[in-house]
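# Structural overview
These are the residues of each chain, in order.
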Amino acid sequence: MSALLLAMTLLGTGCTQQDSAEQEKLNQEQLAMLLQFERKVIQVQQAVKSGILTDDSAYLVMAAQTSLEVFDLLDKIKASFPDAAALEKSYQDFYAKLLTIVTLFFENRLERGRATLMELEESHVFIYGKLRAIMSTATGDGCVPCFSQ
């Protein structure tokens, strides 16, 4: 009887350890997805700045392509994190500002474009805050890794 109890305990522990390992792997994959999101948002922002500073529309095309990747990634993030709707809304606002900047750039309305570029910076900070909140929830202990570098 005690051998059976011991065997059941060991099997139960093994299952718990396996579940724990799977959960940890899932958490790592989710965190990696969030880190990738942050990197891509930074890439979009840098491409827009480079395009405006160098007067080269190729950077703006690159920003648009990367932004499409961000939207695809947002779909995956929303599937993993129910509270990611606010993150998506924040990125949509960021993207709207990006489109405004590109339009102003092509219309040669540089003063208004520079002002909107500053708004883009503020939107990025807002996205970053939403992302930190999701990551803090995902880690469960309030620990948020540094992912802006």
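Computed from a predicted structure; not experimentally measured. (Residues numbered from 1 in each chain as written. Predicted model: local features only at pLDDT ≥ 70, side-chain atom pairs only at ≥ 80, totals over all residues. Heavy atoms only, no water.)

## Side note on the nonpolar core
Ranked by size, the top nonpolar core spans 27 residues in total, and within it Leu34, Phe37, Ile77, Leu87 and Tyr91 carry the most contacts. Listed by contribution, the elements that provide at least two residues to this core are α1 (2–54), α2 (57–80), α3 (85–106) and α4 (110–139). Of the residues forming this core, the biggest block, nine residues, is contributed by α1. Filtering out sequence-adjacent residues up to four positions away, leucine 87 remains in contact with Phe37, Leu74, Ile77, Ile127, Lys130, Leu131 and Ile134. (Core = buried A, V, L, I, M, F, W, Y, C linked by side-chain atoms within 4.5 Å. Buried < 20%, exposed > 50% of the residue type's maximum accessible area, 1.4 Å probe, protein only. Helix = DSSP H or I, 4+ residues; strand = E, 2+ residues; numbered from the N terminus. Contact = heavy atoms within 4.5 Å.)

## Points about the environment of glutamate 38
The residue glutamate 38 is located in helix α1 in this model. Once the C-alpha coordinates of glutamate 38 and tyrosine 128 are considered, the two residues, 90 residues apart in sequence, prove to be 7.5 Å apart.

## Topic: the pattern of salt bridges
Tallied over the entire structure, the rule returns three salt bridges. A salt bridge links lysine 78 to glutamate 88; the nearest nitrogen and oxygen atoms lie 3.1 Å apart. Of this pair, lysine 78 sits in helix α2 while glutamate 88 sits in helix α3, and the two are 10 residues apart along the sequence. Where lysine 89 meets aspartate 93, a salt bridge forms, and the shortest distance between an N and an O atom there is 2.8 Å. Here lysine 89 pairs with aspartate 93, and both are found in helix α3, just four residues apart, close to one helical turn. (Salt bridge = Lys/Arg side-chain N within 4 Å of Asp/Glu carboxyl O.)

## Some thoughts on the packing of α2 against α3
It is the contact of α2 with α3, at a shortest axis distance of 11 Å, that shows an interaxial angle of 165 degrees. If you check the angle between α2 and α3, you find them roughly antiparallel. As α2 packs across α3, the resulting crossing turns out to be left-handed. Contact residues: α2 offers Ser57, Leu60, Ala63, Ser67, Val70, Phe71, Leu74, Ile77 and Lys78, while α3 offers Leu87, Glu88, Tyr91, Gln92, Tyr95, Leu98, Val102, Phe105 and Phe106. Taken together, the residues of the contact of α2 with α3 sort by class into 13 nonpolar, three polar and two charged. (Axes fitted to C-alpha atoms, helices over the stretch in contact; angles between N-to-C directions. Parallel < 35°, antiparallel > 145°, perpendicular 65-115°, else oblique. Left-handed = near helix turned anticlockwise from the far one by under 90°. Nonpolar A, V, L, I, M, F, W, Y, C, P; charged D, E, K, R; others polar.)

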